[in-house]
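# Geometric and topological summary
So the chains spell out like this:
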Amino acid sequence: MTTNSLPVRTEPPVRTPVEKPAGRGGRRLLRQGAGRQHHAGPLAYVLLVVMAVLSIFPLYWTMVAASTDNTRVSQTPPPFLPGPNLFSNLARAWDEAAMGKAMVNSLIVAGVIALSTVMFATLAGFAFAKLRFKGRNILLMLVIGTMMVPPQLGVVPLFMMMSELGWSQQLPAVIFPTLVSAVGVFFMRQYLSEALPDELVEAGRVDGAHSLRIFWSIVLPVARPAMAVLFMITFVHAWNDFFWPFVVLDMTNPTVPVALTQLSAGYVRDQSLIMAGALLGTLPLLAMFIVFGRQIVSGIMAGAVKG
Amino acid sequence: MATSTTKALTGEEPPAPPGATGGGKTARRRGAWLHRLDVKGAPYAFVAPFFVVFAAFSFYPLVYTSWISLHDVELATLDVMEWVAFDNYVELWGDSRFWNALQNTITIGVISTVPQLMMALGLAHLLNYRMRASLFFRVASLVPYATSVAAAALVFTMIFERDFGMINWALGSVGIDPVHWESDKWPAQVAISTIVIWRWTGYNALLYLAAMQAIPAERYEAASIDGASRWKQFTHVTVPGIRSTIVFTIVLSTIGATQLFGEPLIFGQGPNGVTGGADNQYQTLGLLLYEEGWKNYQMGRSATVAWAMFMLLVLAFVAQRLIKRLRSRTS
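Residues numbered from 1 in each chain as written. Chains lettered and ligands numbered in written order. Predicted model: local features only at pLDDT ≥ 70, side-chain atom pairs only at ≥ 80, totals over all residues.

## Observations concerning the overall build of chain A
When you go through chain A residue by residue, the secondary structure sums to 14 helices and zero strands. Its helices and strands taken in sequence order, chain A reads α-α-α-α-α-α-α-α-α-α-α-α-α-α from the N to the C terminus. The buried share of chain A, reckoned over its 307 residues, is 50%. Taking contacts inside chain A between residues at least 6 apart in sequence as the whole, the part at least 24 apart equals 77%. (Helix = DSSP H or I, 4+ residues; strand = E, 2+ residues; numbered from the N terminus. Buried ≥ 20, exposed ≤ 12 C-beta atoms within 10 Å, placed from the backbone. Contact = placed C-beta atoms within 7 Å.)

## Things to note about the overall build of chain B
The helix and strand inventory of chain B stands at 14 helices and two strands. Taken against the 2.2 N^0.38 rule, which gives 20 Å for 331 residues, the C-alpha radius of gyration of chain B at 27 Å runs more than 25% over that of a compact globule. In terms of its C-alpha atoms, chain B occupies a principal-axis envelope of roughly 90 × 70 × 45 Å. Going through the 331 residues of chain B one by one, you find that 43% of them count as buried. In chain B, the share of contacts with a sequence separation of at least 24, taken over all contacts with a separation of at least 6, comes to 66%. (Rg over C-alpha atoms; globule rule 2.2 N^0.38 Å.)

## A short note on the interface of chain B and chain A
On the chain A side, the residues contacting the 88 residues of chain B number 103 residues. If one sorts the elements of the side of chain B that touches chain A by residue count, helix α2 (residues 25-68) of chain B sits on top with 17 residues.

## Some thoughts on the confidence of the model for chain A
For chain A, per-residue confidence averages 84 on the pLDDT scale, and residues scoring 70 or more make up 87% of the total. This stretch, residues 1-35 of chain A, has a pLDDT under 50; its non-local contacts, to residues over four places away or in other chains, come to 64 contacts. (pLDDT = per-residue confidence, 0-100.)

## Focus: unusual backbone geometry
In this structure, glutamine 169 of chain A is a non-glycine residue whose phi angle is positive, near 65°. Locating glutamine 169 of chain A in the fold gives a position in the loop between α7 (155-165) and α8 (171-175). Non-glycine residue tyrosine 297 of chain B carries a positive phi angle of around 60°. With respect to the element layout, tyrosine 297 of chain B can be found in the loop between α13 (285-295) and α14 (299-330).

## A few points about the environment of phenylalanine 156 of chain B
Within the element layout of this structure, phenylalanine 156 of chain B appears in helix α6 (residues 149-159). Exposure remark for phenylalanine 156 of chain B: the 24 C-beta atoms within 10 Å place this residue in the buried category. In this structure, the C-alpha to C-alpha distance between phenylalanine 156 of chain B and tryptophan 93 of chain B, residues 63 residues apart in sequence, is 34 Å. Phenylalanine 156 of chain B has contacts with Pro58 of chain A together with Ala191, Thr194 and Ile195 of chain B, leaving out every residue within four places of it along the chain.

## So, the packing of helix α4 (residues 96-127) of chain B against helix α8 (residues 185-212) of chain B
At a minimum axis separation of 6 Å, α4 of chain B and α8 of chain B run at an interaxial angle of 40°. The way α4 of chain B lies across α8 of chain B gives a crossing that is right-handed. (Axes fitted to C-alpha atoms, helices over the stretch in contact; angles between N-to-C directions. Left-handed = near helix turned anticlockwise from the far one by under 90°.)

## Some details on the nonpolar core
If you look at soluble globular proteins, the nonpolar side chains tend to sit buried side by side. With 174 residues, the main nonpolar core has Ala124 and Leu230 of chain A together with Tyr208 of chain B as its most contacted residues. Per-element accounting of this core gives the leading share, 17 residues, to helix α11 (residues 211-240) of chain A. Residues from two domains meet in this core; each of domain 1 (3-68) and domain 2 (96-330) of chain B gives at least three. When near neighbours in sequence (up to four residues on either side) are disregarded, leucine 230 of chain A contacts Thr117, Val118, Ala121, Gly184, Phe187, Met188 and Gly299 of chain A. (Core = buried A, V, L, I, M, F, W, Y, C linked by C-beta atoms within 7 Å. Domains from an automatic or database assignment.)

## Remarks on the confidence of the model for chain B
In low-pLDDT regions, the fine details of the predicted coordinates are not to be read closely. All names here are of chain B. Per-residue confidence for chain B gives a mean pLDDT of 87, with 91% of residues at or over 70. Mean pLDDT values over the elements of chain B span from 41, in helix α1 (residues 3-10), up to 96, in α4. Across residues 1-22, confidence stays below pLDDT 50; counting only partners more than four residues off in sequence or on other chains, it has 27 contacts.

## Structural notes on the packing of helix α9 (residues 217-225) of chain B against helix α10 (residues 230-241) of chain B
Residue and element names in this part refer to chain B. Two elements in contact, α9 and α10, have axes whose closest approach is 10 Å; the angle formed by their N-to-C orientations is 160°. With respect to α10, the axis of α9 lies roughly antiparallel. Handedness of the crossing formed by α9 with α10: right-handed. Where α9 approaches α10, its residues Arg219, Tyr220, Ala223 and Ser224 are matched on the opposing element by Gln233, His236, Val237 and Gly241. Residue composition of the contact of α9 with α10, grouped by class: three nonpolar, four polar and one charged. (Parallel < 35°, antiparallel > 145°, perpendicular 65-115°, else oblique. Nonpolar A, V, L, I, M, F, W, Y, C, P; charged D, E, K, R; others polar.)

## Some points on the environment of glycine 31 of chain B
On the secondary structure map, glycine 31 of chain B appears in helix α2. When the C-alpha atoms of glycine 31 of chain B and isoleucine 246 of chain B are compared, they prove to be 51 Å apart, with 215 residues separating the residues in sequence.

## Regarding the environment of asparagine 137 of chain A
Residue and element names in this part refer to chain A. Tracing the sequence through the fold places asparagine 137 in helix α6 (residues 136-146). Given 9 C-beta atoms within a 10 Å radius, asparagine 137 is considered exposed. Expressed as a C-alpha distance, the spacing of asparagine 137 and threonine 71, which sit 66 residues apart in the sequence, is 61 Å.

Okay, here's the thing in structure tokens:
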């Protein structure tokens, strides 16, 4: 991963206004849309604050509920301020609800998936962006087409395949089907076709470097910022993925979202415990958003279809 | 792209490695052959991992689903498949639970997608102003996206709780009777849609914002010279300017809506919520698929539901195209 101080510019330094970074504020907006960018009026600020509150409040309230106890949560009016039990509830969720194991599992699953997605997406993205080969356009169309195939539809054969492989209830069953992502390939292709000058690749060829060597010494350094963004976005998706892990894993070996369903299954619902679990399972991603929010926002915007 | 680049990259004219003249003739020829193999073959090797994994874990299962749907397969004995032709489809057609789930999927899909995308459009417009703390507002609108469907559904379950939930408390304070958010059909579907809307509005808004920023400023200038009001500029410049992004989000949201699973599963019921409420009042096709396969142990029927979902998706896109064509004809 890159250092914190690295400003991830998903915008390449040269050329074209097609790929834009987000969140780099006034400077670019001035340049780009001088006739357009009205200053926000008071009403716009009010609406934006309302939106921010609506976005954040459910998570804030998760924390509130996780820090009180079950009786307090079930009273009216509901609590709006944190209580004293946050850490004891978190500890309880960690132990009783197998959240500890689930967190480790999710870390492995999301980490491996994000790493392999980034690696394969960069390889394929490089090939689609900078190498000429027969069928390139058709293959690229195929990649984009696969985005339209909902993974849920193949779940029955996939489940049979996993039980045949002996991977039922095992992490590989969750990892293998998501080792690559079409969105990732497309994202890296877009980035590299802008950010990687043809002359660099050509120079490598002239020096007699073979393709893998060019990839390693020329492409990777250029691709690094986009790889970091893709890693984080893929990590978020893999961490939160629900349907397939829920089908193929069980409660003895769950990922975080799967373990969370177990929390609410008891006859007596311990609301504070449930909320503590939900909070615990969300914290790693929240931390990531707080530290790398700018990069994640810019990555999502850079990957958008525009026009 | 310069011609020389093209040639170098296509390998039509492999450049002789400089300073390689010292080696023997055969070694040089071997080197050139290797070089050619590398230039021709490497691109395929680079894109191969994607296609191999996709073929094995996505495409093959998708196709095999149709084969399984023509069989009786039980969860306990997955290797025993009994050919039943179209029996599963006939039974599904006559099963009221299927029609109920289909209807719920469509209604929840509409009440979750339409407001979500309209709100995202408004939010993107706001975020497109020049303002202080723009990064904060962007990250804030993306926070729900960082929340897993499981965590979100659990929180909203409590917020929509009938007896002590925040929403009924707020409604009660203005004199409205408690709403049965879980057991009544429409309130439950609204509550589930709220979870979807909460999670995805900000994400879609950022996609719109990215597209809005790619609209050339001249178009706005031309419009304002023509005396177009801000609202006119929004409807006549902004919205047409991001049309393909809107289409993209509609496609993705429609796919998401047909697959809806986690929200109705967890809302109110926990992992036993596959029935989608006591009266199936919010059972979606995704839940029915799971119930048939992993609660009733009928994998063949489960695969049949998957194909029904696929058909629904195809129909949705055909309908969208038709509507688009009709509208362009009338306007």
